[in-house]
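Understanding the architecture of this molecule
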Amino acid sequence: MNTCPTVALAFMGVTMLEACSSGGDDSYTGGDTSNGNGGNESSNGNGYTTSGSNVIIDLSHSAFSKLQNDGWMNFTAMRMLLLKIDSSTYRAFTNLCPHASGRLKWSYNTSTGKFMCGYHGHSYPDDCQSSGTAGGKLDCYTTSYKDNKLTVTVS
Ligand code: FES
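As a starting point, this report considers the structure included with it. Every chain begins its residue count from 1, and numbering advances along the sequence as written. This being a predicted model, a pLDDT of at least 70 is required before a residue's local features are given, and a value of 80 or more before pairs of side-chain atoms are given or counted; all residues contribute to the totals for chains, interfaces and linings.

Some words on the nonpolar core
What counts here: We call a set of buried Ala, Val, Leu, Ile, Met, Phe, Trp, Tyr and Cys residues a nonpolar core when their C-beta atoms link them within 7 Å. Any residue surrounded by 20 or more other C-beta atoms within 10 Å of its C-beta is treated as buried, while 12 or fewer makes it exposed and the intermediate range makes it partly exposed; C-beta atoms here are placed from the backbone. Here a strand is any run of E in DSSP of at least two residues, a helix any run of H or I of at least four, and the numbering for each starts at the N terminus. Placing a C-beta atom from the backbone of each residue, one calls two residues in contact when those atoms lie within 7 Å.
By size, the foremost hydrophobic cluster in this structure holds 26 residues, and its most contacted members are Ile57, Met80, Leu81, Leu82, Ala92 and Val152. The element that contributes the greatest number of residues to this core is strand β5 (residues 80-86), accounting for four residues. Every residue in contact with Met80, bar those within four places of it in the chain, is listed here: Phe75, Ala92, Phe93, Thr94, Asn95, Tyr141 and Val152.

What follows is the structure, given as structure tokens:
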């Protein structure tokens, strides 16, 4: 949940109501919003919440439309790859490449069922068991699905 800093800004003589009222839901969430809310549960308006070692993802949120449309996505904010098996079955993996720890150049080949890391071209099966071409397997997280929410347990 975003907290609108209207009052503080008003004291400084700055009118920035627009910053809170429009512009999409990615305009005010650049930082780690968990800093401001004391507890160990955070919700940042980006379609997911964290609670302890669980990440709870709202699969209907626009932030996860790539997952729905392409069947996979690199969920960089929580450092995981998400893979859609069907409408109620998903897998989650670390996005830490087993070869040399790259996180950002993933692609997914639907026909081979492998993630490919663009740093050095190694690939990793999506079955949570088989080793890739370098460094072992891509580690899986436990997932559960209910009511269009995906819970990933990161531990
Ligand atoms: S870091 Fe991924 S292939 Fe080298």
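Digging into the pairing of strand β3 (residues 54-58)
Basically, it comes down to this: The rule for pairing is simple: two strands pair if DSSP sees at least two bridges between them.
Residues Val55 and Ile57 line the buried face of β3, whereas the alternating positions Asn54, Ile56 and Asp58 sit on a face that is not buried. In the sheet, strand β2 (residues 48-51) pairs with β3 via four bridges, with the strands oriented antiparallel. Pairing of Ser51 across the sheet is with Asn54, part of β3. Hairpin connection of β2 to β3: two residues between the antiparallel strands, including Gly52 at a positive phi of 60°.

Here's the deal with the sheet that holds strand β8 (residues 114-117)
Our working definition: Only the stretch in contact is used when fitting a helix axis, every axis being a line fitted to C-alpha atoms; angles between N-to-C directions are given from 0 to 180 degrees.
With antiparallel pairing, the three strands of this open sheet are ordered in space as β7-β8-β9. The open sheet has two edge strands with one neighbour each: β7 (106-109) and β9 (123-125). Ignoring which end each strand starts from, the neighbouring axes of this sheet average 25° apart. When β8 meets β9, the two strands line up antiparallel, connected through three bridges. Considered in β9, the bridge of Phe115 is made with Tyr124.

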